[in-house]
Amino acid sequence: ATQALIPILGLTLLLCLIMSRFVKYIGIPKVSGFIMLGILLGPHVTGLLTVEFLSNTEYLSDLALGLILFNIGGEFNKTLIGKMKKEQILYSLLSVQLVLGLVFLCYFGLSFFVPDLTLTTRFIISLFLAFVSVESAPPTTLLVLKEYDAKGIVSQSIKIYLAFATITAVVGTLILTKILEYLSIWKIAHSGSYLLAFEAFWNISGSIIFGFIIGLLLSYFERFENKVGNLLFTVIASILLGQSIAHYLMVDGLLISLFIGFTLANASSAGDKLHETVKEMGGSIYALFFVLAGTH
């Protein structure tokens, strides 16, 4: 099965190319087409992409998601930040809180139709579902905006909302998990220890720190390099470095990638241009990521 990995990848990318042409013809975004293709190729339909294949290509999903979050961070450059209005920020914050509250109350009420659940279990499930509902799939949303070259006040408001929603979902679920572990509702080796608070703080702040450091190093390197191929190689190497740091130092690799992109886009005059260049060259990686997402 491992020997068939490369042929299946090649066939998958060829089908991605065909699908991208087809969805353009019928007028739907490429991202939707790639996800539908993943469903069709998955274990429960044609079976071309098996469960074993998914486990063998997990590293590709990690790289693609890191590259996507790098691009998301790069979207928040000096130009966008300078255009952000107080009303847009307030709207985004209120929208996030409103969705959190409504979804929590909705599922907490519905949970009483399920027998044999404790009150604590109902509360936890409802709160986690509320955090999930806030997350607005930033990779998908931003790639659709890019595909249709959508620019304007609405697109700008969507990007601002994505930032607040993503941070709320990622940080909120992390803090909730640590609280449950501290209260011994989820028992782990050091339940009830204040070390859990330090772990949560380090996971978030350490990710930001390493993202800024790698981003600054990357912005320094790009001043002396003009070849696009070398720049793309350096960006991918930086993202993989961030994921290696995350593995060994117990921080979040995705947050590191996000802040690498943010730092690069704001640290130098050429950073925003490099961000756009990398975004244009990541098509095949993005396509494969969304096919695998559909298969999952």
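Structural data are supplied above this passage.
Throughout what follows, the structure given in this document is the object of discussion. (Residues numbered from 1 in each chain as written. Predicted model: local features only at pLDDT ≥ 70, side-chain atom pairs only at ≥ 80, totals over all residues. Heavy atoms only, no water.)

**Looking at unusual backbone geometry**
Right, so step 1: For Asp-116, which is not a glycine, the phi torsion comes out positive at approximately 65 degrees.
Right, so step 2: Using a relative accessible area of 80% as the deciding quantity, one classes Asp-116 as exposed.
Right, so step 3: Phi at Met-250 takes a positive value of approximately 60 degrees, unusual for a residue other than glycine.
Right, so step 4: Along the chain, the position of Met-250 falls in the loop between helix H11 (228-249) and helix H12 (253-267). (Buried < 20%, exposed > 50% of the residue type's maximum accessible area, 1.4 Å probe, protein only. Helix = DSSP H or I, 4+ residues; strand = E, 2+ residues; numbered from the N terminus.)

**A look at the packing of helix H6 (residues 86-110) against helix H9 (residues 153-182)**
Right, so step 1: H9 packs onto H6 with a crossing angle of 50 degrees between their chain directions and a minimal axis gap of 9 Å. If you check the angle between H6 and H9, you find them oblique. As H6 runs across H9, the sense of the crossing is right-handed. Along the contact surface, H6 presents Gln-88, Ile-89, Ser-92, Leu-93, Ser-95, Val-96, Val-99 and Leu-100, while H9 presents Ile-153, Gln-156, Ser-157, Ile-160, Tyr-161, Phe-164, Ala-165 and Thr-168.
Right, so step 2: In terms of residue class, the contact of H6 with H9 is built from ten nonpolar, six polar and no charged. (Axes fitted to C-alpha atoms, helices over the stretch in contact; angles between N-to-C directions. Parallel < 35°, antiparallel > 145°, perpendicular 65-115°, else oblique. Left-handed = near helix turned anticlockwise from the far one by under 90°. Contact = heavy atoms within 4.5 Å. Nonpolar A, V, L, I, M, F, W, Y, C, P; charged D, E, K, R; others polar.)

**Considering the packing of aromatic side chains**
Describing an aromatic ring pair means giving the distance of the ring centres and the angle of the ring planes.
Right, so step 1: Applying the stated criterion across every chain yields a total of eight aromatic pairs.
Right, so step 2: Relative to Phe-123, the ring of Phe-104 lies with its centre 5.4 Å away and its plane at 80 degrees, an arrangement referred to as edge-to-face. Of this pair, Phe-104 sits in helix H6 while Phe-123 is found in helix H7 (residues 119-134), placing the two residues 19 residues apart along the sequence.
Right, so step 3: Look at Phe-123 and you get partly exposed, because its relative accessible area is 40%.
Right, so step 4: Ring centres of Phe-108 and Phe-112 lie 5.4 Å apart, and the angle between their planes is 90 degrees; on these two criteria the pair is classed as edge-to-face.
Right, so step 5: The exposure class assigned to Phe-108 is partly exposed, which follows from its relative accessible area of 22%. (Phe/Tyr/Trp six-rings, centres within 6.5 Å; stacked < 30°, edge-to-face > 60°.)

**Focus on helix H8 (residues 138-147)**
Right, so step 1: Looking only at H8, the buried set comprises Pro-138, Pro-139, Leu-142, Leu-143 and Leu-145. Around the axis of H8, the buried residues are gathered within 155 degrees of arc, so they sit on the same side. (Arc of directions from axis to C-beta.)

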